[in-house]
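# Chain and residue survey
The primary structure of each chain is shown beneath.
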Amino acid sequence: MNKENEIDILLATENVGSIPNLDHITTDNRTFIILPINDCWWICQINEQEVKHLAKAPGGADARYFTSPSEPLLFAYVDQVRKRVALYRYLNAEPWFEKIISPSTLPRNCRADDVLIHNGLLYVGGRGKMGECLWTRDKKDENWRLIPMPSDICLSGDLFSRYKSIDLVFWDGKRLIAVDNFVIPKWILTYDITDNKEITHLESIGLCIHTTYEKVITGAMNQNYIALISGGINHGTVSIHLSILDTGTLTEIASCCVFSQDNFGNTSSEKSYKVTNVAFLKDYLLLATRDGVLCTKIDNPTESLKKCQFDKIELNTIVEPKRFVMHPCIDYTFFVVGIDSCEKQNYEQVDIFTHPRSKIKSPLLQEKYWSGYSSFS
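Read on for an overview of the structure. Please read these numbers as outputs of a predicted model, since none were measured by experiment.

Before going further, it helps to examine the overall build of the protein. If you tally the helices and strands in the protein, you get two helices and 28 strands. Relative to its full complement of 377 residues, the protein shows a buried share of 56%. A fraction of 49% describes how many contacts in the protein between residues 6 or more apart in sequence connect residues 24 or more apart. As displayed, the protein has an accessible area near 16500 Å², and 47% of this comes from carbon and sulfur atoms.

Quick look at the structure:
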């Protein structure tokens with residue numbers, strides 16, 4: 001068994017890093033989101049606390065959906081084992097959506113891990129046969145256009161190059177931010193995409209190292225911070241790490257180990273949590289774990305994480321949270337998507353102030369795993 005497969009099995013989590021948080025749509029006083037109902041994904045309309053199911057969303061059974069924070073009328077999906085990508089627009093009446101960029105297959109032996117919609121164009125991060133890749137496409141393009149990787153990070157021919165991927169793609173209002181994951185070195189790459197035909201690489205910033213064979217699982221960004229969840233294996237011990245980056249400098253300002261387990265199934269702490277996803281809700285940090293949803297205020301990341309003080313949100317429907325869907329109109333309301341008590345994929349609406357919560361005393365591994373302001377780069 002190779003190291004890549006060993007890590008994936010021991011982490012025992014789906015590759016949710018390639019699944020950004022589903023988002024919201026508002027148009028003509030209508031609020032649209034995409035939610036799971038039974039075994040299908042549906043376009044839904046929210047009216048105050050009521051969720052109305054409008055139409056099945058386009059895409060195959062394995063589709064993953066992405067929306068644009070800057071263009072809320074648009075959504076994209078990836079399906080066919082992450083090989084095919086399409087772009088759609090929401091409508092105010094039936095059939096509730098229309099096609100903008102037809103479903104299009106990525107180049108041979110390529111897979112998509114994340115999608116960014118910007119200025120009506122698609123930017124896709126993923127991997128090819130020889131390593132990490134970034135592609136772009138608009139409705140006039142006949143084929144996907146490869147955005148070249150900077151020469152200082154290419155590991156073509158290296159033993160581990162085939163495992164590397166652009167796992168997350170963000171837009172901070174000025175630049176495209178791409179997270180290049182797995183194996184030393186790991187990078188954050190930035191691009192000027194003002195002119196889509198002349199995309200310019202701006203900077204390559206080294207990511208901190210928390211364990212060996214480390215791989216980014218998932219991430220989220222708000223105005224001030226990027227949160228990354230990563231996992232790896234060292235001498236048979238699997239660990240999962242939460243790190244917080246400053247969006248201005250893209251450097252790590254705080255991190256901690258949230259889960260550690262050895263070959264015998266022993267955890268380093270009874271209060272460690274296997275985190276599978278992360279999201280920001282205003283000034284709150286949300287963690288989806290195998291044991292429920294944790295939240296904490298994160299005005300100051302180093303202090304918030306060092307205190308290791310989280311609240312556990314008591315869910316009624318979801319027993320295994322997978323990801324989050326943010327509500328656009330109510331600042332502190334969101335949806336939790338995951339597995340319910342009937343072992344079906346389902347969702348639950350949560351108001352962070354009124355939903356029952358319990359204090360969790362130090363749920364994260366402490367002191368020896370705390371890195372604070374890291375000097376690694």
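Moving on from the coordinates now.
We now examine the environment of lysine 297. Inspection of the secondary structure assignment puts lysine 297 in strand β23 (residues 292-297). Along the primary structure lysine 297 and leucine 285 are separated by twelve residues, whereas in three dimensions their C-alpha atoms are 6.2 Å apart. In terms of polar contacts, lysine 297 uses its side chain to reach the side chain of aspartate 283, at 3.5 Å.

Read from one edge to the other, the open sheet built from four strands follows the order β13-β14-β15-β16, with strand pairing classed as antiparallel. Two strands bound the open sheet, and with one partner strand each, they are β13 (165-171) and β16 (200-206). Pairwise comparison of adjacent strand axes, ignoring direction, gives a mean angle of 25° for this sheet. Across six bridges, strand β15 (residues 187-192) lies against β16 in antiparallel orientation. Bridge pairing in β16 places aspartate 192 opposite threonine 200.

Further remarks concern the environment of leucine 189. Note on placement: leucine 189 falls in strand β15. As for leucine 189 and alanine 178, which are separated by eleven residues in sequence, their C-alpha atoms are 5.0 Å apart.

Applying the stated criterion across every chain yields a total of two cavities of 30 Å³ or more. Lys186, Leu207, Cys208, His210, Glu214, Val216, Leu228, Ser230, Ser243, Leu245 and Glu252 are the residues that line the largest cavity. Every element with two or more residues in the lining of the largest cavity is listed here: β18 (225-234) and β19 (237-246). Considering only residue class, the lining of the largest cavity consists of five nonpolar, three polar and three charged.

About the criteria used
Residues numbered from 1 in each chain as written. Predicted model: local features only at pLDDT ≥ 70, side-chain atom pairs only at ≥ 80, totals over all residues. Heavy atoms only, no water. Helix = DSSP H or I, 4+ residues; strand = E, 2+ residues; numbered from the N terminus. Buried < 20%, exposed > 50% of the residue type's maximum accessible area, 1.4 Å probe, protein only. Contact = heavy atoms within 4.5 Å. Areas by Shrake-Rupley, 256 points an atom, 1.4 Å probe, with all protein chains shown as cover. Polar contact = N/O pair within 3.5 Å; in protein donor to acceptor, adjacent residues only side chain to side chain. Pairing = 2+ DSSP bridges. Axes fitted to C-alpha atoms, helices over the stretch in contact; angles between N-to-C directions. 1 Å grid on protein atoms, 1.4 Å probe; cavity = no way out; pocket = protein on both sides within 12 Å on 5 of 7 lines; lining within 4 Å. Points joined across faces, edges and corners; volume = space filled by probe spheres on them. Nonpolar A, V, L, I, M, F, W, Y, C, P; charged D, E, K, R; others polar.

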